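Take a look at the letters that make up each chain.
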Amino acid sequence: MELDRLTVEQARRRDGTKWVQAAPDVIPAWVADMDFPVAQPIRDAVMHRVSTDLGYPDWPWEQPGLPLPETFAERMAARYGFHPDPAHVKAFTDLNQSLQALLDVLTVPGEGVLVHTPTYNAFLMTLEAMNRPPVPIPLVPDGETWRAELPADPGGARVLLLVNPHNPTGRCFTRTELEELADYADRHDLTVISDEIHADLTFAPNEHIPFGLLRPGRTVTITSASKAFNMGGVHCAVAHIGSARARAALATRPPNLYGNPSVLAVAATDAAWRQCDAWLEEVLAILDRNRKTVAQRLPAGWTYRIPEATYLAWIDTGIPDAAAVLQRDARVMVAAGTIYGAPDTWIRLNFGTSGPILDEILDRIRR
């Protein structure tokens, strides 16, 4: 497979933050960017837009990001049997911005937000910056996977932030688990903001189930093509505002207050969702092998549950200050578990790379 032949020397030519932030003798496996080149249809779509017209797009001013609502709705229906109303789909600049906009209109400073822990570091930073204290839903080890422990009392929270598939554990919640969560949201009248950005990176036989399928009127689904199609710098996301409460709250703000994606971002996202599934299947085959390779080659005594989705390995090394030790001694740059709310023995390792590069990472760690 062409995507699987990338060498360290070739990858170092990339000038994004993943490789630039690493010293010349360090291999980066930290930030959630893959090392694979972007699919050709995405490149073609961007270049077509550049060569045709970079003027104001022919979108109604109150509906930025067309045709993404229709594209998103068609993809959700085809892949997941979820039929979001395109009229309730809004484009944002990126996923974090969409979350902040929703928290801004649905909550007030000092009010807690339910969230599985550990969780995505950017979301923890958002909650801290906005003074929305996290109300933990602990994810605890359960055999080869993870189990959520819902608190008896949501502590006055009105919003539950769901990350599914989950970052950093790679958990893909089952229908039974999501039904339990939906019943909990019903009992406590919670609006659920469901981050499903890793949905397309789910490994069989696991199945991604959109939360909006279970409680469409209680859910806001936020997602982007950026993770599955490796274009984090494009900055384009969509939110399906299934919740009438959330729609009414957003309607109190000017329609462009929270920003809009650019015409290039819309072109790239539309191409990814409509034309790039063959590229995605090739990538998923590499990632499926890589998640198992990590399990086979980690040092004895390290704890790793093979992720059911994502390209992120969540590992307990048992070593204090593990990320710093690995960077110093193995010359491998990983993300420290502490930024996700875990002890410093934990690390998150990005295996979204070629076989040769992953082999070198694991060789260095074992040595």
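Everything quoted here is computed from the prediction, not taken from an experiment.

Colleague: Report on the sheet that holds strand β7 (residues 191-195), specifying residues and quantitative values.
Modeller: Taken in spatial order, the eight strands make up an open sheet running β2-β9-β8-β7-β6-β3-β4-β5, and their pairing is mixed. Either end of the sheet is taken by a strand with one partner, and the two such strands are β2 (89-92) and β5 (145-148). On average, each strand axis in the sheet is tilted by 25° relative to the strand beside it, whichever way the strands run. As defined by bridge partners, strand β4 (residues 134-142) adjoins β5 across four bridges and the pair is classed as antiparallel. Bridging across to β5, Asp142 finds its partner in Thr145. Of the strands in this sheet, β2, β8 (219-223) and β9 (237-241) touch helix α4 (residues 68-80), which is tilted by about 75° from β9.

Colleague: Could you give me a rundown of the packing of helix α5 (residues 95-106) against helix α6 (residues 121-129), with the residues and numbers involved?
Modeller: Two elements in contact, α5 and α6, have axes whose closest approach is 11 Å; the angle formed by their N-to-C orientations is 30°. Where α5 crosses over α6, the two elements pack in a sense that is right-handed. Contacts between α5 and α6 involve Leu95, Asn96, Leu99, Gln100 and Leu103 from the first element and Ala122, Phe123, Thr126 and Leu127 from the second. Of the residues contributing to the contact of α5 with α6, the split by class is six nonpolar, three polar and no charged.

Colleague: Please provide a residue-by-residue account of the nonpolar core, values included.
Modeller: One finds Ile42, Phe229, Trp279, Leu287, Ile315, Leu349 and Phe351 to be the most contacted residues of the largest nonpolar core, which totals 63 residues. When residues of this core are assigned to their parent elements, the largest contribution, seven residues, is made by helix α11 (residues 277-297). Apart from the residues within four sequence positions on either side, Phe351 is in contact with Leu287, Asn290, Arg291, Val294, Tyr304, Pro307, Thr310, Tyr311, Leu312, Ala313 and Leu358. Formed by 29 residues, the second largest nonpolar core is a distinct cluster that contains Leu102, Leu161, Val163 and Ile197.

Colleague: Explain the packing of aromatic side chains residue by residue, including any values.
Modeller: This model, assessed by the stated rule, comprises six aromatic pairs. When the ring of Phe229 is compared with that of Trp279, the centres are 6.0 Å apart and the planes differ by 25°; the resulting orientation is stacked. One end of the pair, Phe229, is in the loop between β8 and β9; the other, Trp279, is in helix α11, and 50 residues separate them in sequence. For the pair formed by Phe229 and Trp279, the shared burial category is buried. When the centroid spacing of 5.1 Å and the interplanar angle of 20° are considered together, the rings of Trp314 and Trp346 count as stacked.

Colleague: Report on the sheet that holds strand β11 (residues 312-316), specifying residues and quantitative values.
Modeller: Reading across from one edge, β10-β11-β14-β13 is the order of the four strands in this open sheet, with antiparallel pairing throughout. Either end of the sheet is taken by a strand with one partner, and the two such strands are β10 (303-304) and β13 (335-336). Pairing between β10 and β11: two bridges, direction antiparallel. Across the sheet, Thr303 pairs through a bridge with Asp316, a residue of β11.

Colleague: An account of the side chain of Asn167 is requested, with residue identities and associated values reported.
Modeller: Residue placement: Asn167 occurs in the loop between β6 (159-163) and α7 (175-188). A distance of 3.1 Å separates a polar atom in the side chain of Asn167 from a polar atom in the side chain of Arg348. The contacts of Asn167, once residues within four sequence positions are left out, are Pro118, Thr119, Tyr120, His198, Leu312 and Arg348.

Colleague: Which residues make up the pairing of β9, and what values go with them?
Modeller: For β9, the buried fraction is high: five of the five residues fall into the buried class. Of the strand pairs in this sheet, β2 and β9 are connected by four bridges, and their pairing is antiparallel. Of the residues in β9, the one forming a bridge with Val89 is His240. Two strands pair when backbone bridges link them, and β8 and β9 are joined in this way by four bridges, in the antiparallel orientation. If you follow Ile222 over to β9, its bridge partner there is Ala239.

Definitions and limits used
- Residues numbered from 1 in each chain as written.
- Predicted model: local features only at pLDDT ≥ 70, side-chain atom pairs only at ≥ 80, totals over all residues.
- Heavy atoms only, no water.
- Pairing = 2+ DSSP bridges.
- Helix = DSSP H or I, 4+ residues; strand = E, 2+ residues; numbered from the N terminus.
- Axes fitted to C-alpha atoms, helices over the stretch in contact; angles between N-to-C directions.
- Contact = heavy atoms within 4.5 Å.
- Left-handed = near helix turned anticlockwise from the far one by under 90°.
- Nonpolar A, V, L, I, M, F, W, Y, C, P; charged D, E, K, R; others polar.
- Core = buried A, V, L, I, M, F, W, Y, C linked by side-chain atoms within 4.5 Å.
- Buried < 20%, exposed > 50% of the residue type's maximum accessible area, 1.4 Å probe, protein only.
- Phe/Tyr/Trp six-rings, centres within 6.5 Å; stacked < 30°, edge-to-face > 60°.
- Polar contact = N/O pair within 3.5 Å; in protein donor to acceptor, adjacent residues only side chain to side chain.

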